[in-house]
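Working through the structure, step by step
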Amino acid sequence: MSLTANDAMIEIRPSAHPASAEERAARMTNPGFGRIFTDHMVVVPYVEGKGWGKGVLKAYGPIEMDPAASVLHYGQAIFEGFKAYKQPDGSIASFRPDANSRRFNASAARLAMPELPEEIFIGAAKALISQDKAWVPGAVGESLYMRPLMIATEAALGVRPSNEYLFVLLASPSGAYFPAGVKPVTVWISDDYVRAAPGGTGFAKCAGNYAASLVAQRQAKEEGCDQVVWLDAIQREYIEEMGGMNIFFVYQEKGETVVVTPELTGTLLPGITRDSLLQLAREQGFRAEERKISVAEWKSAIAEGRMTEAFACGTAAVITPVGHVKSRRGNWDINKGETGPVAAKLREALLNLQHGLAPDTHGWMTKIV
Ligand SMILES: *Cc1c(COP(=O)(O)O)cnc(C)c1O
């Protein structure tokens, strides 16, 4: 047992049984997304009145919990997702982890959970990535996906915010989200279910939002679609998101390319990819707008040829073009079901930045090791 000095003062207790180099190589072949995990994880406990305790990096494995732990009953659970990338000089850097730390705390505040200091959030990531650096894949499109989460662990059945929490950080080597290349998806506009309502938890990355979305995702599958498109809860007309990703539309207006994404209303999840693409789009010479977009506008802009592309974006899959739209209000194709040039250009710009193949003019990359 050793206490290694690091920013977050995390005790480093290396696993007694790390995977051998051969085992690791075998597991990292076609890792897919979120199916394999590295040798270690970080846990940090919190007790009301005492604050955050000492973090420990230890062997990846099950977490023991009392069956009365309030997360299992009332669902105080939040998470994040960001990635670490191998850089051309052999170092490892992660993309905007400070933004994920801030959003984690915004989610925590909405669920009446304690905020986690950024030094612990980033420090835990540095400790885990450094320890498990052999698990960071190297090819463009590959990365080490970092999954921080916080759950309420107090054993108490009264309905109130828990007095005890656990922060956990795990890491999962991930391959190209689409091994066969980027393929446009078919989406189902959900008229039966909503993801988030004003005053609710739409802007928070909480587990419950995902639980509530699964039945709609299943319906989309039954309709022959890959993903669900969410509408606003009140008018059921304005487009909010696609599955667990933000969505963009590309217009051609008077010779100008305009990239439009739904404005943040409190019911949308403020994606870090979304924010990054708004900035990159402007640098690529496109006009970028945040505003409301209705289903009626989507349909007519396609029919009139004013809209040329639509794509979704998020950390896991980067950019996913939308090729076909199905709904009770009609079906339509976008760009003949093919990936468009704007989606392809933005995707390349973002991936080049993340993999260190383009200069980091925004200060978005944090060197880890
Ligand atoms: C995480 C998430 C996103 C994408 O956010 P990124 O920071 O870009 O990964 C979009 N929508 C929902 C509902 C999400 O949970």
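Conventions and cut-offs
Residues numbered from 1 in each chain as written. Predicted model: local features only at pLDDT ≥ 70, side-chain atom pairs only at ≥ 80, totals over all residues. Heavy atoms only, no water. UniProt positions renumbered as here; feature names shortened; annotations may be inferred. Phe/Tyr/Trp six-rings, centres within 6.5 Å; stacked < 30°, edge-to-face > 60°. Helix = DSSP H or I, 4+ residues; strand = E, 2+ residues; numbered from the N terminus. Buried < 20%, exposed > 50% of the residue type's maximum accessible area, 1.4 Å probe, protein only. Near = heavy atom within 4 Å. Polar contact = N/O pair within 3.5 Å; in protein donor to acceptor, adjacent residues only side chain to side chain. Areas by Shrake-Rupley, 256 points an atom, 1.4 Å probe, with all protein chains shown as cover. 1 Å grid on protein atoms, 1.4 Å probe; cavity = no way out; pocket = protein on both sides within 12 Å on 5 of 7 lines; lining within 4 Å. Sits in = over half its atoms within 2 Å of the grid points. Pairing = 2+ DSSP bridges. Contact = heavy atoms within 4.5 Å. Points joined across faces, edges and corners; volume = space filled by probe spheres on them. Nonpolar A, V, L, I, M, F, W, Y, C, P; charged D, E, K, R; others polar. Domains from an automatic or database assignment. Patch = residues over 30% accessible without salt bridge, like charges linked within 9 Å, V, L, I, M, F, W, Y side chains within 5 Å. Salt bridge = Lys/Arg side-chain N within 4 Å of Asp/Glu carboxyl O. Buried area = accessible area lost by both parts, 1.4 Å probe.

The protein is annotated in an unreviewed UniProt entry as Branched-chain-amino-acid aminotransferase of Geothrix limicola. Heading Cofactor (unreviewed entry) of the UniProt record for the protein holds this comment: "pyridoxal 5'-phosphate". For the record of the protein, the UniProt heading Sequence similarities (unreviewed entry) holds the text "Belongs to the class-IV pyridoxal-phosphate-dependent aminotransferase family."

Focus on the packing of aromatic side chains
Tallied over the full model, the rule gives 13 aromatic pairs. Plain terms: the ring middles of Phe104 and Phe167 are 5.7 Å apart, the flat faces sit at 75 degrees to each other, and that makes the pair edge-to-face. In this pair, Phe104 is assigned in helix α3 (residues 97-110) and Phe167 in strand β9 (residues 164-174), connecting sequence segments 63 residues apart. Each ring, one from Phe248 and one from Phe311, has its centre 5.3 Å from the other, and the planes form 10 degrees; the classification is stacked. A residue pair is termed long-range when its members are at least 10 positions apart, and Phe248 in strand β13 (residues 246-253) and Phe311 in strand β16 (residues 307-314) qualify at 63 residues. Classification of Phe248 by relative accessible area gives buried; the value is 0%. Following the ring pairs from residue to residue traces out a cluster consisting of Phe82, Phe104, Phe121 and Phe167.

Overview of the site of the ligand
Surrounding the ligand, one finds 14 residues, the nearest of these being Lys205, Tyr210, Glu241, Thr273 and Thr315. For the ligand, an oxygen atom lies 2.6 Å from a polar atom in the side chain of Thr273. Within the side chain of Thr315, one N or O atom sits 2.6 Å away from an oxygen atom of the ligand. About the coverage of the ligand: the protein hides 96% of its 380 Å² of free accessible area. The cavity that encloses the ligand is the largest pocket.

What to know about the pairing of β16
Side chains on a regular strand alternate between the two faces of the sheet. Here β16 lies mainly inside the structure; 7 of its 8 residues are buried. As paired elements, β16 and strand β17 (residues 318-326) share 4 bridges and run antiparallel to each other. Residue pairing across strands places Ala312 opposite Thr320, the latter belonging to β17. In textbook terms, the turn of a hairpin is the stretch between consecutive antiparallel strands, and for β16 and β17 this stretch comprises 3 residues.

Here's the deal with the environment of Glu241
Tracing the sequence through the fold places Glu241 in strand β12 (residues 239-242). When the C-alpha atoms of Glu241 and Leu268 are compared, they prove to be 7.0 Å apart, with 27 residues separating the residues in sequence. Apart from the residues lying within four places of it in its own chain, the contact partners of Glu241 are Arg195, Val228, Val229, Trp230, Asn246, Ile247, Thr267, Leu268 and Leu269. Of the polar contacts made by the side chain of Glu241, one reaches the backbone nitrogen of Leu269; its length is 2.8 Å.

Brief notes about the layout of surface pockets
Its boundaries defined by the atoms lining it, the largest pocket holds a volume of some 770 Å³. What lines the largest pocket is a set of 40 residues, and nearest its centre among them are Tyr210, Gly243, Gly244, Met245 and Ala316. Only α3, β8 (143-152), α5 (207-222), β11 (227-231), β12, α6 (272-283) and β16 provide two or more residues apiece to the lining of the largest pocket. Element by element, the count of residues in the lining of the largest pocket is highest for α5, at 5 residues. Taken together, the residues of the lining of the largest pocket sort by class into 19 nonpolar, 14 polar and 7 charged. When residues of the lining of the largest pocket are assigned to domains, at least three map to each of domain 1 (2-176) and domain 2 (185-354).

Structural notes on a nonpolar patch on the surface
Taken together, the side chains of Ile63, Met65 and Leu72 define a hydrophobic patch exposed on the protein surface, amounting to about 240 Å² of accessible area. Its place among the elements puts Leu72 in helix α2 (residues 71-74).

Let's talk about empty space enclosed by the protein
A probe as big as a water molecule, rolled over the atoms, marks out the empty space that is left. The final tally for this structure, using the stated rule, is 2 cavities of 30 Å³ or more. Looking at the largest cavity, its volume works out to about 110 Å³. Mapped onto the lining of the largest cavity, the elements with two or more residues apiece are β6 (82-86), α6 and α8 (341-354). Broken down by element, the residue count for the lining of the largest cavity peaks at 3 residues, all from β6. Looking at the lining of the largest cavity residue by residue, the class counts come to 6 nonpolar, 6 polar and 1 charged.

What about the domain arrangement of the protein?
When cut into domains, the protein gives domain 1 (2-176) and domain 2 (185-354). Once you take the C-alpha centre of each, domain 1 and domain 2 turn out to be 28 Å apart. Residue-level contacts link 21 residues of domain 1 with 21 residues of domain 2. In total, about 1,800 Å² of surface goes out of reach between domain 1 and domain 2, with carbon and sulfur atoms giving 63% of it.

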